[in-house]
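Analysis of the macromolecular model
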Amino acid sequence: MRIYGHRLGGRYAMELAHVRETAPLAARLVEREMGERVGSVEVAVSCTDGARDLLLAAHQAVLGTRNKPRWRPAAALAHSTLSTSGTLIVIEAKPHRGDLGLLDETLVHEFVHAVQFNRGEARSGMVRHLRNNYGLGDLAWAECRAANKQVARNEREAEGMERLATRLSKAVA
Ligand SMILES: [Zn+2]
């Protein structure tokens, strides 16, 4: 699993080191608990602007375009999205500063998204959504509505698994 910092000052060395140590464990824990695979995952730790760079580059590579998105990602604890090889997880460093317990929860949460992206038709649906956001295709209203419901279901499932994070801190300690 590739794990790296992007546009990250030295002040986040502890958080990056923690992610390097914990992300592979979090992935295994989620896989065992869910009985599903996370697939090929890359994990970056970055600032908000850096996260936008990484998401933009991943989306442009997946779609084969130089277009810019119509909607930029909102600031968040982390973002999971498609990459050409599987899933890209970008963790925003600032809201996790000094809070390794929160970092564990975020890792578990995002690996659940990686599992979700690996399921059946999930990837092709997400590509259609990305194409819409990058001005390469339109989504029917019904498809938009169904996708929003799916996003909400995915969020609930990921939030429900965050409790695994407590096992993670014990595994590392
Ligand atoms: Zn989420």
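Residues numbered from 1 in each chain as written. Predicted model: local features only at pLDDT ≥ 70, side-chain atom pairs only at ≥ 80, totals over all residues.

Comments concerning the nonpolar core
- Core analysis: the biggest nonpolar cluster contains 38 residues, and Ala-26, Val-30, Ile-89, Val-90, Ile-91, Val-108 and Phe-111 have the highest contact counts within it.
- Going through the elements one at a time, α1 (13-34), β2 (41-46), α2 (48-63), β3 (78-82), β4 (87-92), α3 (100-117) and α6 (165-172) are the ones with two or more residues in this core.
- It is α3 that provides the largest number of residues to this core, a total of eight residues.
- Aside from chain neighbours lying at most four places away, what touches Ala-26 is Leu-107, Val-108, Phe-111 and Leu-168. (Core = buried A, V, L, I, M, F, W, Y, C linked by C-beta atoms within 7 Å. Buried ≥ 20, exposed ≤ 12 C-beta atoms within 10 Å, placed from the backbone. Helix = DSSP H or I, 4+ residues; strand = E, 2+ residues; numbered from the N terminus. Contact = placed C-beta atoms within 7 Å.)

A short note on the sheet that holds β4
- Ordered by their spatial adjacency, four strands build an open sheet running β1-β2-β4-β3, and the pairing between neighbours is mixed. In this open sheet, the two strands that pair with only one neighbour each are β1 (2-6) and β3. Averaged over all neighbouring strand pairs, the angle between strand axes comes to 20 degrees, with direction disregarded.
- Strand direction decides the pairing type here: β3 and β4, joined by five bridges, are antiparallel. Residue pairing across strands places Thr-81 opposite Leu-88, the latter belonging to β4.
- Contacts from α1 reach β1, β2 and β4, with the element oriented near 155 degrees to β2. (Pairing = 2+ DSSP bridges. Axes fitted to C-alpha atoms, helices over the stretch in contact; angles between N-to-C directions.)

Some thoughts on the pairing of β4
- Within β4, six of the six residues are buried, which leaves it mostly tucked inside the rest of the structure.
- Of the two faces of β4, both are covered, the one formed by Thr-87, Ile-89 and Ile-91 as well as the one formed by Leu-88, Val-90 and Glu-92.
- Relative to β4, β2 runs parallel, the two sharing six bridges. Within β4, the residue paired with Val-43 across the bridge is Ile-89.
- Counting the residues that bridge the hairpin from β3 to β4 gives four residues.

Topic: unusual backbone geometry
- You will see that Arg-7, though not glycine, has its phi angle at about 50 degrees, which is positive.
- Structurally, Arg-7 is set in the loop between β1 and α1.
- With 15 C-beta atoms packed within 10 Å, Arg-7 lands in the partly exposed category.

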